[in-house]
Amino acid sequence: MLRPLNPEIMTYARLGKTNIMVSRIGLGGYNNDEKGVNAHLNAKADPPAYRKTLQYLVDNGVNLFDTAPDYGTEEDFGLVLGTEENRNKVFIITKVSRLVKDLKTGEPFSRQEMEQEFRNGLSESLRNLRTDYVDMLLLHHLNTKGDDPYHNLGYVGPDFDYFKMAYDVINELIREGLVNFKGFTSHYPDTTRDAVVLPGYATETDVAVVKYTITRHFFQGQEPEIWENEAFPVLTQQDVGVIEMKALLSPHSTMNEKMMKVRNDARAFARMKPFLDQGYTPPQAMIKWALSKKAIHTCIVGMPRIHLAEEDLGPVRPSSA
Ligand SMILES: NC(=O)c1ccc[n+]([C@@H]2O[C@H](COP(=O)([O-])OP(=O)(O)OC[C@H]3O[C@@H](n4cnc5c(N)ncnc54)[C@H](OP(=O)(O)O)[C@@H]3O)[C@@H](O)[C@H]2O)c1
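Because the structure is a prediction, the values reported are computed rather than measured. (Residues numbered from 1 in each chain as written. Predicted model: local features only at pLDDT ≥ 70, side-chain atom pairs only at ≥ 80, totals over all residues. Heavy atoms only, no water.)

Colleague: How do you make sense of helix H8 (residues 255–263) when you look at a structure like this?
Modeller: Since the α-helix packs 3.6 residues into each turn, any two residues three or four apart lie on the same face. Of all the positions in H8, only Lys258, Met259 and Val262 are classed as buried. For H8, the buried positions fall inside an angular range of 100 degrees around the axis, keeping them on one side. Projecting away from the buried face of H8 at angles above 90 degrees are the exposed residues Asn256 and Met260. Those residues of H8 that are buried lie in contact with helix H9 (266–277) and helix H10 (282–291). (Buried < 20%, exposed > 50% of the residue type's maximum accessible area, 1.4 Å probe, protein only. Helix = DSSP H or I, 4+ residues; strand = E, 2+ residues; numbered from the N terminus. Arc of directions from axis to C-beta. Contact = heavy atoms within 4.5 Å.)

So, in C-alpha cells, the structure goes:
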C-alpha cells in the first residue's frame, strides 16, 4: 500500500481494481530520445538533473512512475525511487519484452521460452530499480500495426494466444511476490476492448495504458471518440485502471510544432480551446483535456526537467480541481 498521500498539494484517483490511489499525473520514463529537438533535456543528456526532477516529483506528491527496460531510465529510477526513504511512497511500473517470437528464427516463443525471457528481463529490471518487487508489470504493446517487423510483434497473435500465455507467466511472478499487478500498454482501441472481454481473461487486466491523444495527426492516431466509443465503456465496466500516455504528443517536436498540429486539426483545437480559455498553457490544456474524461484515472507525461514538471503539475494541483 502506498503511503502517505499529499492531498494538500496533489490530487489522486483510485486506479480501478488495484484500489491504489495514484496521483493524477505520473512520470513517463521514456525520455531518452537522442534525436529529439530538445534532446538536451532528455534523461541521458544530464542524469543528475533528471534524478533531481524525479525527487521533485516525489516531493510534490507524484507517486506514479512508469519505465521500461528499453527506456534507459530504470537505473535513474532505482537511484531515486528505490531508496528506503522513497520506495514505499511510489508505485513503480516497468514492462516486459514486446517480443513474442525469436527474431532470428521467426519461431513463436514456447511457454517455457517466454517465461525465461520474462524472468531474465524482470531480474534485470529489479536490479536496476534497486527493489525486490515492482508494483506493476505491463506487456509492452498489446498490439501495434505498421510496417516495422519489430513493432509488428504484439501479444495478440492468433486468438490472443501470446497474451494468455504472457498473463499466465506474470501470474506466477505475482504468486512469487515479485510483482503486484499486471496489465498492458496499447495503441489501439479495438484490441484493447477485445483483450478486456476475452473469455477466461476478462477479469485479469488490472490496468491498461492507452495512447489517447487530442489529435489523430500523431503516430497512427485515431480520433479520440473511437477510444471513447469502443474501449472506454468496457474498461470502466471491468473496473480496469486506465492510464493515458503521450498527452503531450511525445518528445519528438517542440511545443510550437505540436500546437501547429492541433491548430490545423479543427476538431482537436475545439477540444483544447475551453481549457486555453480558462488560462491553461497548451501543455496544461492537453493534460486537462485528457483528465476530463471519466474513464481516465491518470496520465503519464515525460517531464525530464523541473521547469517542465512545474508547468505540467499545475492542472492536477488541488487548487485547479
Ligand atoms: N508502452 C508504450 O507503448 C509507450 C509508448 C510511448 C510512451 N509510453 C509511456 O508514456 C509516457 C509519455 O509519453 P512520452 O514521454 O513519449 O510523451 P509525452 O508525455 O506526450 O511528451 C513528453 C515530452 O513533452 C515535452 N514536454 C513535457 N512538458 C512540457 C512542457 N511543460 N512544455 C513543453 N514541452 C513539454 C518534453 O519534450 P522535450 O524533452 O522534447 O521538450 C517531454 O519529453 C512515456 O514517457 C512512457 O512512460 C509508453
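Colleague: Would you mind showing me how to read unusual backbone geometry here?
Modeller: The phi angle of most residues is negative, glycine excepted, and most peptide bonds adopt the trans form. For Arg130, which is not glycine, the phi dihedral falls at a positive 55 degrees. Along the chain, the position of Arg130 falls in the loop between helix H3 (111–129) and strand S6 (134–139). What makes Arg130 exposed here is its relative accessible area of 53%. Residue Asp239 is not a glycine yet carries a positive backbone phi of 60 degrees. Mapped onto the elements of the fold, Asp239 is located in the loop between helix H7 (224–237) and strand S9 (241–245). Asp239 sits in the partly exposed class, given a relative accessible area of 28%.

Colleague: What's the story with the confidence of the model for the protein in this structure? I'm lost.
Modeller: Should pLDDT be low for a region, the predicted coordinates there are not to be read in detail. Summarising the model, the protein shows a mean pLDDT of 92, and 94% of its residues fall at 70 or more. Contacts from residues 147–151, a stretch scored under 50 in pLDDT, to residues over four places away or in other chains number seven contacts. (pLDDT = per-residue confidence, 0-100.)

Colleague: Whenever I open this one, the site of the ligand confuses me. Can you help?
Modeller: Near the ligand you find 29 residues, and of these Asn31, Asp66, Lys246, Ser250 and Asp312 are the closest. Within the side chain of Asn31, an N or O atom sits 2.7 Å from an oxygen atom of the ligand. Here Tyr71 contributes a side-chain N or O atom positioned 3.3 Å from a nitrogen atom of the ligand. Within the complex, 95% of the 890 Å² of free accessible area of the ligand lies under protein. Where the shell around the ligand is concerned, the elements lending two or more residues are H8, strand S10 (298–301) and helix H11 (306–313). Per-element accounting of the shell around the ligand gives the leading share, three residues, to H11. Here the residues of the shell around the ligand are counted per class, giving 14 nonpolar, 10 polar and five charged. (Near = heavy atom within 4 Å. Polar contact = N/O pair within 3.5 Å; in protein donor to acceptor, adjacent residues only side chain to side chain. Areas by Shrake-Rupley, 256 points an atom, 1.4 Å probe, with all protein chains shown as cover. Nonpolar A, V, L, I, M, F, W, Y, C, P; charged D, E, K, R; others polar.)

Colleague: Got a minute to help me understand the sheet that holds S10 in this structure?
Modeller: Hydrogen bonds between backbone atoms are what pair the strands of a sheet, whose relative direction is either parallel or antiparallel. If you trace the eight strands once around the closed barrel, you get S3-S4-S5-S6-S7-S8-S9-S10, paired in parallel fashion. Neighbouring strand axes in the sheet, compared pairwise and without regard to direction, differ in orientation by 30 degrees on average. Both strand S4 (residues 64–66) and strand S5 (residues 91–96) contribute to a ladder of three bridges, which runs parallel. Bridge pairing in S5 links Phe65 to Ile92. Strand contacts of helix H5 (residues 161–175): S6 and strand S7 (179–186), with the helix running at about 155 degrees to S7, the strand carrying the most contacts. Contacting S7, strand S8 (207–211) and S9, H7 runs over the sheet at an angle of about 170 degrees to S8. (Pairing = 2+ DSSP bridges. Axes fitted to C-alpha atoms, helices over the stretch in contact; angles between N-to-C directions.)

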